[in-house]
Amino acid sequence: MSQTDAPIRVLLVDDHAMLRAGFRTILDTQPDITVVGEAATGAEAVAQASALRPDVITMDVQMPDMDGIEATRRIVADAGVGAAIAIVTTFDRDDYLYQALDAGASGFLLKNAGAEDLIAAVRALAAGDGMLAPEVTRRVLARFTTASSPASSPASASASSRASASASAGESTPTAAPSQVAPTVPVDPLTEREAEVLVLLADARSNAEIAGALFIGEATVKTHVSRILQKLGARDRVQAVVLAHRMGLT
């Protein structure tokens, strides 16, 4: 990092003080990262995000007052914040993963990940990239691709039948939060090269790996990714990949 580059500003959110202290120790050793604040509840996270305007937020899920999913949703809805959020949880649960992405998170990391994974996640999110392990990416794509065609899904049909039956019996059923990933075909079509880059993004390739596969420079890859996000109306690489699969572009 050059002296003119500002460090990545991070807000740590977790109800366990010792874990926050451990994360701070790991991140503050990096010359390009600085921890600017901590929060122990979801409500504190929302307030701190608004006050501190961090670049990246590491967000726990299970916390008092307000869980991390709802806190993420509120922070993302505040256009003045603009922070990228990585869910960091002990539980490798699909419901947490999908709800986090629907809420606007750009990363999903387990607390048993190594220090290098946490540092890489912070840098990736600060650079505008998503941060999901390849196996998690496959689960996400499988879920959202299936969800894009509910009429053909036996599970959806069964769920619809159960909901109808519950309604007839006067029972209330929980309503899932609407996904922020809308399957809308871009007005400005992707070029052939952009489509190639998108396919490699869907394979969880890094910019360097995409550059090597297509024999182009990393700066060119970044330009293509930026244009892809703009055309798809996606906030980051993770959402772009989900959108691409929903629209049948990959």
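The structure displayed is predicted, hence computed values, not measured ones. (Residues numbered from 1 in each chain as written. Predicted model: local features only at pLDDT ≥ 70, side-chain atom pairs only at ≥ 80, totals over all residues. Heavy atoms only, no water.)

**Looking at the overall build of the chain**
When helices and strands are tallied, the chain shows 11 helices and five strands. Within the chain, counting contacts between residues at least 6 apart in sequence, those at least 24 apart form 66% of the total. (Helix = DSSP H or I, 4+ residues; strand = E, 2+ residues; numbered from the N terminus. Contact = heavy atoms within 4.5 Å.)

**Overview of the packing of aromatic side chains**
Throughout the structure, instances matching the rule amount to one aromatic pair. Relative to Y96, the ring of F91 has its centre 6.3 Å away and its plane inclined at 75 degrees; by these criteria the two rings are edge-to-face. Residue classification places Y96 among the buried positions, given a relative accessible area of 8%. The residue whose ring lies beneath R93 is Y96, and the NZ or CZ to ring-centre distance is 4.1 Å. (Phe/Tyr/Trp six-rings, centres within 6.5 Å; stacked < 30°, edge-to-face > 60°. Buried < 20%, exposed > 50% of the residue type's maximum accessible area, 1.4 Å probe, protein only. Lys NZ or Arg CZ within 6 Å of the ring centre and 35° of its normal.)

**Some remarks on helix α2 (residues 42–52)**
All of the buried residues in α2 are G42, A45 and A49. The arc that holds every buried residue of α2, seen down its axis, measures 45 degrees, which confines them to one face. Looking at the buried positions of α2, the neighbouring elements they touch are β1 (8–13), β2 (33–39), β3 (56–59) and α3 (68–77). (Arc of directions from axis to C-beta.)

**Re the confidence of the model for the chain**
For the chain, the mean per-residue pLDDT works out to 79, and 76% of the residues sit at or above 70. Mean pLDDT in the chain bottoms out at helix α7 (residues 154–168), which sits at 39, and peaks at β1, which reaches 98. Counted against residues more than four places away or in other chains, residues 148–183, with its pLDDT under 50, gives 25 contacts. (pLDDT = per-residue confidence, 0-100.)

**Examining the packing of helix α8 (residues 192–202) against helix α9 (residues 207–214)**
Between α8 and α9, the least distance of the axes is 10 Å, while the angle of their chain directions is 130 degrees. Overall, the two elements α8 and α9 adopt an arrangement that is oblique. Handedness of the crossing formed by α8 with α9: right-handed. Together, R193, E196, V197, L200 and L201 of α8 and I210, A213 and L214 of α9 make up the contact between the two elements. Its residues assigned to classes, the contact of α8 with α9 comprises six nonpolar, no polar and two charged. (Axes fitted to C-alpha atoms, helices over the stretch in contact; angles between N-to-C directions. Parallel < 35°, antiparallel > 145°, perpendicular 65-115°, else oblique. Left-handed = near helix turned anticlockwise from the far one by under 90°. Nonpolar A, V, L, I, M, F, W, Y, C, P; charged D, E, K, R; others polar.)

**Things to note about the environment of A51**
Relative to the helices and strands, A51 is located in helix α2. Along the chain, A51 and G37 lie 14 residues apart, while their C-alpha atoms are 9.9 Å from each other.

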